[in-house]
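Structural description and commentary
Now for the letters of each chain:
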Amino acid sequence: MSDIRQPPSSVIQVGTTLAAALLSAAKGNTHTAAPVAAVLWPDKEGQWQSALPALRELLPGLCVLGDYDPERRSGPAVWLKCAIAGLVPEVEVSEVPVVYLPGVSRAELRAIESCPRELQPLAELQYRGTFWSQANGKDWTVSAFLASKNGGLDLDVAQDKATQEALSQVLQAGVLLDTPLSELKGRAINAEWLLSLLAPNPTRDLLQWMNAPDSTRQQWGTVLWDVFVKRCKSDFGFDPMADGVLVAAERLAEGMGKWAAASVLYHDSFGSFPHVYSVLAKIQPPQMGLFPDQDKLAGYPQANEQGEAALRYALSACSGMDAPQARSAVTAADKEHGLRRGWLWTRMGQSPLAASLEHLAELAQRSATLPIGKTPAEVASSYQKAGWQVDQAALKALACVHTKNDLEAVSAALRAMYLPWLEETARRLQEAVKDSGGLATLQAKNAGEPSGETCTVFVDGLRYDVAKRLEQRLSSLGTTSLSACWTSMPSVTASGKAWCSPVAGFIAGSPNDVDFEPRVAADGKPLSSHNFRKLLSEHGIEPLEKHETGDPKGRAWTEAGDLDHYGHEHGIRLARDMETQLDQVVERVAELCGAGWKRLRIVTDHGWLLVPGGLPKSELAKHQAETRWGRCAVLKNSAHGTPLTFGWDWCKDVQVAYAPGVASFIAGAEYAHGGISLQECLVPVLQLECAGEAESSVEVTIRSVTWKGLRCTVVVDGASAGKQVDIRTKAALASSSLAASAKPLQGGKASLAVADDEQMGAVAVVVILSSDGNILQKRSTTVGE
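**A look at the sheet that holds strand S5 (residues 130-131)**
- Strand order across the open sheet formed by five strands is S3-S2-S4-S1-S5, with parallel pairing between neighbours. Edge positions in the sheet fall to strand S3 (74-75) and S5, since each of these pairs with one other strand and no more.
- Sheet topology places strand S2 (residues 62-65) next to S3; two bridges connect them, and they run parallel. When the sheet's bridge partners are listed, Val 64 is paired in S3 with Ser 74.
- Lying on the sheet, helix H1 (residues 14-25) is in contact with strand S1 (39-43), strand S4 (98-102) and S5; it crosses S1 at an angle near 125°.

**Describing the nonpolar core**
- Ranked by size, the top nonpolar core spans 115 residues in total, and within it Leu 315, Val 330, Leu 360, Leu 470, Val 589, Leu 600 and Ile 602 carry the most contacts.
- The element contributing the most residues to this core is helix H22 (residues 404-436), with 13 residues.
- Setting aside chain neighbours within four positions, we find Leu 470 in contact with Leu 462, Leu 582, Val 585, Val 586, Ile 602 and Leu 686.
- One finds Val 14, Val 36, Val 98 and Leu 153 within the second-largest nonpolar core, a separate group that totals 48 residues.

**As for the packing of aromatic side chains**
- Counted by the stated rule, this structure contains 24 aromatic pairs.
- Where Tyr 68 meets Trp 79, the ring centres are 5.8 Å apart and the plane angle is 85°; that geometry is what we call edge-to-face. On the criterion of sequence distance, the pair formed by Tyr 68 in the loop between S2 and S3 and Trp 79 in helix H3 (residues 77-84) is long-range, its members being 11 residues apart.
- A relative accessible area of 52% means that Tyr 68 is categorised as exposed.
- The exposure class assigned to Trp 79 is buried, which follows from its relative accessible area of 12%.

**A short note on unusual backbone geometry**
- A cis amide bond links Met 489 with the next residue in sequence, Pro 490, at an omega value of 0°.
- Among the structural elements, Pro 490 can be located in the loop between strand S9 (478-486) and helix H24 (493-500).
- Unlike most non-glycine residues, Asp 515 shows phi in positive territory, near 55°.
- Assignment of secondary structure puts Asp 515 in the loop between strand S10 (507-508) and strand S11 (519-520).

**Describing the state of the cysteines**
- Under the counting rule described, the total for this entry stands at one disulfide.
- The disulfide that involves Cys 593 links it to Cys 690, with 2.4 Å between the sulfurs. Residues Cys 593 and Cys 690 share a disulfide whose torsion about the S-S bond is about -55°; that sign makes it left-handed. Placement of the pair is Cys 593 in helix H28 (residues 578-594) and Cys 690 in strand S21 (residues 682-690), with a sequence separation of 97 residues. The burial state of Cys 593 is the same as that of Cys 690; both residues are buried.
- In this structure Cys 63 is not part of a disulfide, and its nearest cysteine sulfur, from Cys 82, lies 12 Å away.
- The thiol sulfur of Cys 485 is not disulfide-bonded, and the nearest other cysteine sulfur, from Cys 500, lies at 8.2 Å.

So, how was this worked out
- Residues numbered from 1 in each chain as written.
- Predicted model: local features only at pLDDT ≥ 70, side-chain atom pairs only at ≥ 80, totals over all residues.
- Heavy atoms only, no water.
- Pairing = 2+ DSSP bridges.
- Helix = DSSP H or I, 4+ residues; strand = E, 2+ residues; numbered from the N terminus.
- Contact = heavy atoms within 4.5 Å.
- Axes fitted to C-alpha atoms, helices over the stretch in contact; angles between N-to-C directions.
- Core = buried A, V, L, I, M, F, W, Y, C linked by side-chain atoms within 4.5 Å.
- Buried < 20%, exposed > 50% of the residue type's maximum accessible area, 1.4 Å probe, protein only.
- Phe/Tyr/Trp six-rings, centres within 6.5 Å; stacked < 30°, edge-to-face > 60°.
- Disulfide = S-S within 2.5 Å.

Here it is, written out as structure tokens:
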């Protein structure tokens, strides 16, 4: 007799025990010499029929009375008798066969005289074989086999009708035979517990059905659907058949009682149920009078949509207000609508105006204060303390909105507050510059020559407030320090790039230079890209192409990011895509750190102005200008200077006129640079001392990373207050996070969910973050492994 085919797991399961019981019957009477010809398995009620697919895997010799199907060893009685006798070539008989007889009782075979004619060929096998039946002669039912102490499993099985139906369902679904015996021993096996085997997560099943009612029911099949209906009735007080998906949506929106668990799951994993939102959006929120309870409206998309519409109107109305009025209106709007930022719909991207309002409210508060100082240095110092946060708030407010109507509403409020602040800030700097005779006297050309083992990273158009954001992102790679200096006048790329380079001392300008492009001082050649790289090499600075990392023991120059070009090309959209633009810089810096560079110095040529609706227009007569740019123009030799006229920093003989305030000589420009303002002229110098591998990872140790579906539990040793856990596709990029949100470690443990079930199986990195966002430890993982 061959052994039973064991499942991959060493755990003893119900199916293997059933197969063993059938084969043990084949041993027959050990006192007789004749071997057992067959084991007859009568099953009048056909209870075991649904288990046949699994049993065929466990019992290769299983034969079945039924339709003719040689591959499945199934056929009528006469064919089975021939097969058992070894007369059917396609059926190999290498062991005592087990013959399953659905719809046939032992009594029918025992009474040979009245035995149905179609069964008579098998009737004589009862004398040469043996029955697999209970000790009392009755057929083994599923319940009897589980409960019997004599030949069964001796389990505590309830005998009520609901439990018997549930037994049939778990058997039909293929779950019962796979259940380890250890899970059955010592427990009361009743309908509720059995149904939990089929629907271990009824809350998730509920949301899955709401997400796609028809296809989900079809996918589940009759058994699982019946179980789902029963669980809904018992667990949620809801009948999917009678009530339908809209009633389910009403209960989910209310989030009361047991529906609170469904609401929590939806909040954690809404990306796994993308169509539930459209169902919820059909539900009208309750009417609550003049002073509604916002918490009770939080589950209704319509309430959020109504709030967005009201906020859109309020922000648009700011277009006709002066700055103080607009600031008051925005502050009042934030008190009314700020609570919605805590609603799920904001995380889903359905509340862009409420999200933008957070930054508009900050702008309203901060723009009431202007940078102060009598000299450019004093004005710059004041701006570095707080003024840059106004610019940052403006960018973040614009970044939140995508549609035309939302962008127009945010732009109206922002322009009303931001443009007057920009104008007055620029005028204060311009007055200080006029009094000082320019910025050049305050400019240390290189802001300090880079020392050895330093790679200078040039980022075109890295404004000071954006550098603040970049500094925070790079802090995970080491120690950062941010300072600022003046760029060249005018603040354009051709002039400013040379000004911030480590070879600025070997560059000069002449009156004949075109478009503010200076020359190599030694030979007078124009500072083209080729000549600039050649000059770098001549002075021991290796120019690096994209992805080249050079020699970390030397000095190098490389370029990263595309902020300026993107701003000229896309205008206001730069605000929305800023994080993507910074991703390029972070990736390049991380690449250099990983290659062994210990010190990186990030520099830029100029900042910029970005104002929705365009900068104010300033007039300059055509006959005065040799060349005209948005914020500056080269004057003809015969032209009289404007109140803001200064020499080009590379050659003072070239006179440059600047537009006043934040005006532009070109109408309609949203993005511009080249003028005199803190945003354009005060440029950052960001230094990064790269952390060594050991330095960055010794504080904490990731003990374990375990997945249950899309939820990940991380256990950490050495965690202190303030540390967080995130799941990312790229460790250094917070924007690559797959989690609904980073979670704080509590007691050395955190649990967080991946929002989108399409990420199941994706390669990711679990990162441990310090309170300021530094990566302390990381471990590779696979979502859902």
